[in-house]
Amino acid sequence: MGETRGILGRMSFFPKCTFQYFLDGGPELVPGERNQGRLVLHVPEPIERAERLLMNLRTEAWAGYGSGKNRRVVRQQLLLIPLRVDLPPGGMPAGRHEYPFHFDVPAWMPPAFDGNDCGIYHELTAELDVDWAFDPVSKLRPVVRLRPARGRRAPVILRSPNGFHESIVLEVSLDSAVVAEDEPLSGKIAVRAGHEARWDGIVLVLSRMTTVAMGHGDRRAQDVSSVRIPKASLLSGEAVPFLFPPDPTNVPTFGSPQLTVDYVVRVEVDIPWAIDPQIEVPFTVLPRGSEVSGEGSELEVGGARLRQMAHYVAQQTGLSEGKSPVIVRGRQGAVDFWLTDAPREGGLGVDVSLVFPGVGVDVRMRPLGVLDGFRESPLLPRELRDKVLLRVDAPEGRYARAPLGEAELHAILDGLGRADAVRMTDHSLEFHVPTTDDAERLVELARFVAHKAEIVGRVLAKLPFPTALEAHRAAWESAAAERGAFLVPTGPHLVGMPIGVRTLGGEERTFVVKIGTEWGGKPHGFIEISCVAAPLPGPAAAMLEGQVPHALLAPIRGRLTSLAQEGPHTVRGHAPEIFDDPRAAMPTVDALVAFWLDVRGERRVDAPYR
């Protein structure tokens, strides 16, 4: 295994001796086993005063503190195994001498390593004790190799904690947090939020961490390798893979009363002229040759994880999967709602939006300010009174009773105490919920929002009719029942009226119609028609506004005061008077559907409503 020469000299005070070590198991000591070997001495001249042969296996931990005059090194002995062989009278004759030996190395013995001003080393010494002379001595640093272990691959995902950064949210995953010493470490990283913030890139550092229990005690990092990912590669929000190859300087994860070694991947955000925020992802390194069973799982992070979560939430709730950053969306009667991924101030959260037809009242809600300590909103549930102020004013004389009273508002706003921001208007309710993207918590939130939309829909259905149109309530209610629409009485509005069309080419088109009332200035009716699956072509806008004639629009020009396209999927027209019976507007709706299909070059094969 090794060879060291003793001290040479001209006199018998300096006996000559050469040492050689031979371990049966090769050049390594294995903890938890009996390690056997032979010590061979080569003596060129007799050493008559040699009395005994001494061998020692010693393990020592050390840690340095300070520098210069304040430098101090603390040492603690972990193990000492002495061996002694007494020589016969007459000492040691010239020639080759062989002595078998063995050491029962305890299973807890750690491997040798050099850390950040600390370490553990093993030393095997052999000394020939010669009376009245300088003893020949040999020292050897054996390698201690921990026995292979069994482990199971364990994928892990970690997200930056709240307060990590004012806007940046990181997600990092390891394909397995348990690897063998001779295996690479791989994973992915993504920026979930904060793309607009000032930073240059992400630095991932594989670091060996030593916890020193001796002396003052501290935790010391020793960086092994690093990977830098520029900001441009992370702006899409999609995951970027990384890999750390095996490093020969690594040692397995181990613990001892003096020193403990473990490993982390340190993730740092490189921010110019600022302190770089960082998180650590721990992982375990097993001894070389260990059996790590199971397949490493590539946990998704960033955009892929968000899509994965959205798919799961949609499956569990029956809602529609949204397009990022929307998680899921749905509709309950006249209420459309959606949940949007919305991290804030370095923490994860979800924005919830519920949109419904305007209820015809002035709703003003704002956060409660410092100077509002003695103000109160009695219309609010108690759980929101210390968060927001609410004022609701209905147009004087339009309704026989206030459309949104305490009972209606409590029903709409109840259960929003966990939201850290709430905003309500006459046609929407929005709130932000701090949360994680734990699948079950998102499912719970989505179900709560769907139920809330159902409650809002019930409240809308029970609102009062305008006094001036009370005599026409029965006509509006009948039209809603006949056409499968939702009636919002305060408009009144018919919302979500479906018109299905089958074209000559075999496509199914579904148009959604809204017939309602606008009270600003002179009250009048309006018609709104939309088809998300079949956008209008570019020339349609000029035709609707009358700049380019179209035969299918000519018959309805006298029924509408204006007609315009609002985006590629919506057309809106205004009538000169309020609709006493919304069914009177259906011929105009049919004409608009026919025009929509015609400008797209499509023809319907089913009969329109009459």
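The notes below deal with the structure included here. These figures come from a predicted structure and were not determined experimentally.

All right, on to the overall build of the protein then. Helix and strand content of the protein: six helices and 37 strands. Referenced to the eigenvectors of the C-alpha coordinate spread, the extents of the protein come out at roughly 130 × 65 × 40 Å. Each of the 610 residues in the protein was classed as buried or not, and the buried ones make up 49%. A separation threshold of at least 6 residues defines the contact pool for the protein, and within that pool the share at least 24 residues apart is 64%. Counting 68 positive and 78 negative side-chain charges, the protein places the centres of these two groups 1 Å from one another.

Where burial is concerned, the two faces of strand S19 (residues 240-244) differ: the one with Val 240, Phe 242 and Phe 244 is buried and the one with Pro 241 and Leu 243 is not. Where strand S16 (residues 185-193) and S19 come together, five bridges link them in antiparallel fashion. For Lys 188, the partnering residue across the bridge sits in S19 and is Pro 241.

Another aspect to go through is the sheet that holds strand S33 (residues 493-502). Across the sheet, six strands lie side by side as S32-S33-S34-S35-S37-S36; this open sheet has antiparallel pairing. Of all the strands in the sheet, just strand S32 (486-488) and strand S36 (562-565) have a single pairing partner and so form its edges. Ignoring which end each strand starts from, the neighbouring axes of this sheet average 20° apart. Bridge count between S36 and strand S37 (residues 570-574): four bridges; the pairing is antiparallel.

Next up on the list: the nonpolar core. Ranked by size, the top nonpolar core spans 51 residues in total, and within it Leu 339, Leu 404, Leu 413, Met 424, Leu 429 and Phe 431 carry the most contacts. With 11 residues, the single largest contributor to this core is helix H3 (residues 439-461). With sequence-adjacent residues up to four places away left out, Met 424 is seen in contact with Val 363, Met 365, Leu 404, Leu 409, Ile 412, Leu 413 and Leu 429. Formed by 43 residues, the second largest nonpolar core is a distinct cluster that contains Trp 199, Ile 229, Ile 271 and Val 285.

In this section: the packing of aromatic side chains. For the coordinates displayed, the defined rule picks out six aromatic pairs. Where Phe 242 meets Phe 244, the ring centres are 5.9 Å apart and the plane angle is 65°; that geometry is what we call edge-to-face. Both residues of the pair, Phe 242 and Phe 244, belong to the buried class. Taking 5.7 Å as the distance between ring centres and 35° as the angle between the ring planes, the aromatic pair formed by Tyr 263 and Phe 283 counts as tilted. Separated by 20 residues along the polypeptide, Tyr 263 in strand S21 (residues 259-270) and Phe 283 in strand S22 (residues 278-286) bring together distant segments of the chain. When sorted by exposure, Tyr 263 lands in the same class as Phe 283, which is buried. Its end group placed over the ring of Tyr 65, Arg 220 keeps NZ or CZ at 4.9 Å from the ring centre. Cation over ring: Arg 418 sits above Phe 448, and NZ or CZ is 5.1 Å from the ring centre.

What follows concerns the packing of helix H1 (residues 302-317) against H3. Running from N to C, H1 and H3 point in directions that differ by 50°, and their axes come no closer than 9 Å. Classified by the interaxial angle, the pair formed by H1 and H3 is oblique. Crossing handedness for the pair H1 and H3: right-handed. Across the interface between the two elements, Met 309, Tyr 312, Val 313, Gln 316 and Thr 317 from H1 touch Ala 439, Glu 440, Leu 442, Val 443, Ala 446 and Arg 447 from H3.

Let us look at the environment of Glu 28. As for its position among the elements, Glu 28 is in strand S3 (residues 28-29). You can call Glu 28 partly exposed: its relative accessible area is 30%.

Attention shifts here to the side chain of His 122. Along the chain, the position of His 122 falls in strand S9 (residues 118-130). Under the relative-accessibility criterion, His 122 is labelled buried at 1%. Of the polar contacts made by the side chain of His 122, one reaches the side chain of Thr 59; its length is 2.8 Å. Of the polar contacts made by the side chain of His 122, one reaches the backbone oxygen of Pro 110; its length is 2.9 Å. Leaving out residues up to four positions away in the same chain, His 122 has contacts with Arg 58, Thr 59, Met 109, Pro 110, Pro 111, Ala 112, Leu 140, Arg 141, Pro 142 and Val 144.

Here four strands make up an open sheet; going across it, the order is S13-S14-S16-S19 and the pairing antiparallel. Every interior strand has two partners, whereas the edge strands, strand S13 (156-159) and S19, have only one. Between one strand and the next, the sheet's axes are offset by a mean angle of 20°, whatever the strand orientation.

Right, let's get into the packing of helix H2 (residues 406-413) against H3. Their axes nearest at 8 Å, the elements H2 and H3 cross at an angle of 160°. Between H2 and H3, the interaxial angle falls into the category roughly antiparallel. Two packed elements cross with a definite hand, and for H2 against H3 that hand is left-handed. Residues Glu 408, Ala 411, Ile 412 and Leu 413 of H2 form the contact with H3, whose own contacting residues are Lys 452, Ile 455, Val 456 and Val 459. Here the residues of the contact of H2 with H3 are counted per class, giving six nonpolar, no polar and two charged.

As a further point, take the environment of Ile 527. Note that Ile 527 resides in strand S35 (residues 524-530). Between the C-alpha atom of Ile 527 and that of Ala 585, which follows or precedes it by 58 residues, the distance is 7.8 Å. The contact partners of Ile 527, leaving out residues within four places of it in the chain, are Lys 514, Leu 560, Val 571, Arg 572, Gly 573, Phe 579, Ala 585, Thr 588, Val 589 and Leu 592.

Most of S9 is tucked away, with 12 of its 13 residues classed as buried. For strand S5 (residues 50-65) and S9, the ladder comprises 13 bridges, and the chain directions are antiparallel. Each bridged residue has a counterpart across the sheet, and for Arg 52 the counterpart in S9 is Asp 129. Relative to S9, strand S8 (residues 113-114) is paired through two bridges, and the arrangement is antiparallel. Residue pairing in the sheet places Asp 114 in a bridge with Gly 119 of S9. Here S8 hands over to S9 after three residues, with Asp 117 in that stretch at a positive phi of 55°.

About the thresholds
Residues numbered from 1 in each chain as written. Predicted model: local features only at pLDDT ≥ 70, side-chain atom pairs only at ≥ 80, totals over all residues. Heavy atoms only, no water. Helix = DSSP H or I, 4+ residues; strand = E, 2+ residues; numbered from the N terminus. Buried < 20%, exposed > 50% of the residue type's maximum accessible area, 1.4 Å probe, protein only. Contact = heavy atoms within 4.5 Å. Lys, Arg positive; Asp, Glu negative; His and termini not counted. Charge placed at Lys NZ, Arg CZ, Asp CG, Glu CD. Pairing = 2+ DSSP bridges. Axes fitted to C-alpha atoms, helices over the stretch in contact; angles between N-to-C directions. Core = buried A, V, L, I, M, F, W, Y, C linked by side-chain atoms within 4.5 Å. Phe/Tyr/Trp six-rings, centres within 6.5 Å; stacked < 30°, edge-to-face > 60°. Lys NZ or Arg CZ within 6 Å of the ring centre and 35° of its normal. Parallel < 35°, antiparallel > 145°, perpendicular 65-115°, else oblique. Left-handed = near helix turned anticlockwise from the far one by under 90°. Polar contact = N/O pair within 3.5 Å; in protein donor to acceptor, adjacent residues only side chain to side chain. Nonpolar A, V, L, I, M, F, W, Y, C, P; charged D, E, K, R; others polar.

Scope: geometric values only; no functional claims are made or implied.
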